[in-house]
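For reference, the chains in residue letters:
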Amino acid sequence: MKKIALLLLFAIAFNTVSAQSKKKQILLLGTFHFENPGLDVAKVNTFNVMSDKSQKELENITDKIKKFGPDKIFIEWNYERQAKLDKFYNKNTDSLLRKDADEIVQVALRSAKKLGHKKLYGIDYNNADFPYDSLVKVMTAANQLDLIKKNEETMKHYEIDQNKKIAKYSLTELLLDINTKASNEDNISWYLETAVKGGKTDNFVGAFLVSEWYRRNLYMYALIEKLTESKDDKIMVLLGAGHTAMIREFVEHNPEFEIVELATVLK
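An account of the accompanying structure is given in this report. (Residues numbered from 1 in each chain as written. Predicted model: local features only at pLDDT ≥ 70, side-chain atom pairs only at ≥ 80, totals over all residues. Heavy atoms only, no water.)

Within the chain, N143 stands out as a residue other than glycine whose phi angle is a positive 55 degrees. Tracing the backbone shows N143 in the loop between α6 (132-141) and α7 (145-168). With a relative accessible area of 54%, N143 lands in the exposed category. (Helix = DSSP H or I, 4+ residues; strand = E, 2+ residues; numbered from the N terminus. Buried < 20%, exposed > 50% of the residue type's maximum accessible area, 1.4 Å probe, protein only.)

We now examine the pairing of strand β3 (residues 121-124). Neither face of β3 is left uncovered, since the one carrying Y121 and I123 and the one carrying G122 and D124 both have all their residues buried. Bridge count for strand β2 (residues 72-78) against β3 is three bridges, and the pairing is parallel. Its bridge partner lying in β3, I75 is registered against G122. (Pairing = 2+ DSSP bridges.)

Glancing now at the environment of Q82. Inspection of the secondary structure puts Q82 in helix α3 (residues 82-89). Between the C-alpha atoms of Q82 and I123, which are 41 residues apart in sequence, the distance is 8.8 Å. Look past the residues within four positions of Q82 in its chain and what remains in contact with it is K119, L120, Y121 and G122. (Contact = heavy atoms within 4.5 Å.)

Inside soluble globular proteins, nonpolar side chains tend to come together where they are buried. By size, the foremost hydrophobic cluster in this structure holds 38 residues, and its most contacted members are I75 and L120. In terms of residues, this core owes the most to one element, helix α5 (residues 103-115), which gives six residues. Every residue in contact with I75, bar those within four places of it in the chain, is listed here: L85, I104, A108, L120, Y121, G122, I123, D124, L238 and L239. Counting residues in each nonpolar core, the second largest holds 33 residues, with I26, W213, L239 and I247 among its members. (Core = buried A, V, L, I, M, F, W, Y, C linked by side-chain atoms within 4.5 Å.)

Right, dumping it as structure tokens:
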């Protein structure tokens, strides 16, 4: 009997350890802003996600997300306005899908409804600063002509490249391209190669802008951690691609999570 009891205890302990070591899967779905309010520093054309072709693609994309089966979907919505998000989520879905081009509706809400979720989870933090105009001013004041040129060329290259892709690619192709390793690296490199250098040696506007960007994304990541429960095996995070690139950096240092690539989900 003692041997049986010991074996049972060993089995329980082994299963507990195994359960604890199982990684949670996280789908980081970076996107461009479907409605394109023009608030980003780089200006790109608007892609028509309401066309018949794009709507068919969105049905296919969200069917694949349903098959992946995230237990929670996190979105770029101010976490302090969760009550408003709950009301928004409970509106007439068919009506929203027909008239609202926002990625929150077209991807997140559509997916969540297919999955039978009761809500979406807002994780955006909007109390961080982004003093881009001040950054440009201190570059000029410091006579950083090469840095100014590099900044302008980087923005122009991005705009031209994205506009070419918008004119050529399907919605699915655009989303897959945005979520490649190269695109993730590009979304971070400007902060660490250009912005951080802005200003004279006694001026840290550039570094402050970068630190605020990190802070915003780190707070969003903290909310993902806090809202992900032990029972959640899979989660999905839908944010602008600049945000998911940063979230990816944080997740890669967390052994509790395993990143699932969008290309794997959509194959």
